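# Structural overview
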Amino acid sequence: MQVLNSIHINAPIEKVWDALVNPTKTKIYMFGCEAKSDWNPGSTLLWEAEIEGKKIIFVTGKVLEYKAPHVLRYTVFDPNKEMEDIPANHLIVTYNLEKEGEQTILTVIQNEFEGAALGRERYEEAYNNGEGWNPILEKIALLVEDKKA
């Protein structure tokens, strides 16, 4: 099982890449969460938001691959769900970026649901009735195309 979505974005690949790794920008399209990491493979990645003056970590993970501006791969784990924080329960998110003329093709794949705790439930959440990552990708496109996100 995997969730796979792609979008053509009218922006340079470097600008799209910046939107993926810049916490100020991730906050705009990722439900108010800032992606915090030094982005070195093996490093921790935290998706953190401030709610009512309190910092809350919504997702944790590890950076698996960082090849700017083409590939970003990391694990994700929801510490707020009742499951053990072990590697088998971490899902994998991969962003692939390709330059096509003046556009960038951004593809996101989320997988490793099989064998993970609550795997089917987590797949259904990510699949989002067939929408998958499309709402997030559309917000990224609006952001980097300098339109209102």
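The structure reproduced in this document is the subject of the present report. Since the model is a prediction, treat every value here as computed from it, not as a measurement.

## Topic: the layout of surface pockets
As a volume, the largest pocket reaches approximately 640 Å³. Taken together, 23 residues form the lining of the largest pocket, with Met30, Phe31, Val59, Gln110 and Glu125 sitting closest to its centre. Put simply, the parts of the chain that give the lining of the largest pocket at least two residues each are β3 (44-51), β4 (54-67), β5 (71-76), β6 (91-100), α3 (119-127) and α4 (134-144). Here the element with the most residues in the lining of the largest pocket is α3; it accounts for three residues. The class makeup of the residues in the lining of the largest pocket is 16 nonpolar, three polar and four charged.

## Side note on the packing of helix α1 (residues 13-21) against α4
The geometry of α1 relative to α4 is characterised by a closest axis approach of 10 Å and an angle of 120° between their N-to-C directions. Looking at the two axes, α1 sits oblique to α4. Note that α1 runs across α4; the crossing there is right-handed. Residue-level inspection shows Lys15, Val16, Ala19 and Leu20 of α1 in contact with α4, the latter providing Ile140, Leu143 and Val144. Each residue belonging to the contact of α1 with α4 can be placed in one class, and the counts come to six nonpolar, no polar and one charged.

## Considering the environment of isoleucine 92
Following the sequence through the fold, isoleucine 92 ends up in strand β6. For the pair isoleucine 92 and leucine 64, spaced 28 residues apart in sequence, the C-alpha to C-alpha distance is 8.9 Å. When sequence neighbours within four positions are dropped, the list of residues in contact with isoleucine 92 reads Leu64, Arg73, Tyr74, Thr75, Ile109, Gln110, Asn111 and Glu112.

## Here we look at the sheet that holds strand β1 (residues 2-9)
The strand order across the open sheet built from seven strands is β1-β7-β6-β5-β4-β3-β2, with neighbouring strands paired in antiparallel fashion. The outermost strands of the open sheet, each flanked by one partner alone, are β1 and β2 (34-36). Geometrically, the sheet is characterised by an average inter-axis angle of 25° between neighbouring strands, direction not taken into account. Pairing geometry for β3 and β4, over eight bridges, is antiparallel. Bridged to glutamate 50 within β4 is lysine 55. Seen against the sheet, α1 touches β1, β4, β5, β6 and β7 (103-111) and runs at an angle of roughly 160° to β6. On top of the sheet, α3 reaches β1, β5, β6 and β7; it is set at about 20° to β1, its chief contact.

Cut-off values and rules
Residues numbered from 1 in each chain as written. Predicted model: local features only at pLDDT ≥ 70, side-chain atom pairs only at ≥ 80, totals over all residues. Heavy atoms only, no water. 1 Å grid on protein atoms, 1.4 Å probe; cavity = no way out; pocket = protein on both sides within 12 Å on 5 of 7 lines; lining within 4 Å. Points joined across faces, edges and corners; volume = space filled by probe spheres on them. Helix = DSSP H or I, 4+ residues; strand = E, 2+ residues; numbered from the N terminus. Nonpolar A, V, L, I, M, F, W, Y, C, P; charged D, E, K, R; others polar. Axes fitted to C-alpha atoms, helices over the stretch in contact; angles between N-to-C directions. Parallel < 35°, antiparallel > 145°, perpendicular 65-115°, else oblique. Left-handed = near helix turned anticlockwise from the far one by under 90°. Contact = heavy atoms within 4.5 Å. Pairing = 2+ DSSP bridges.

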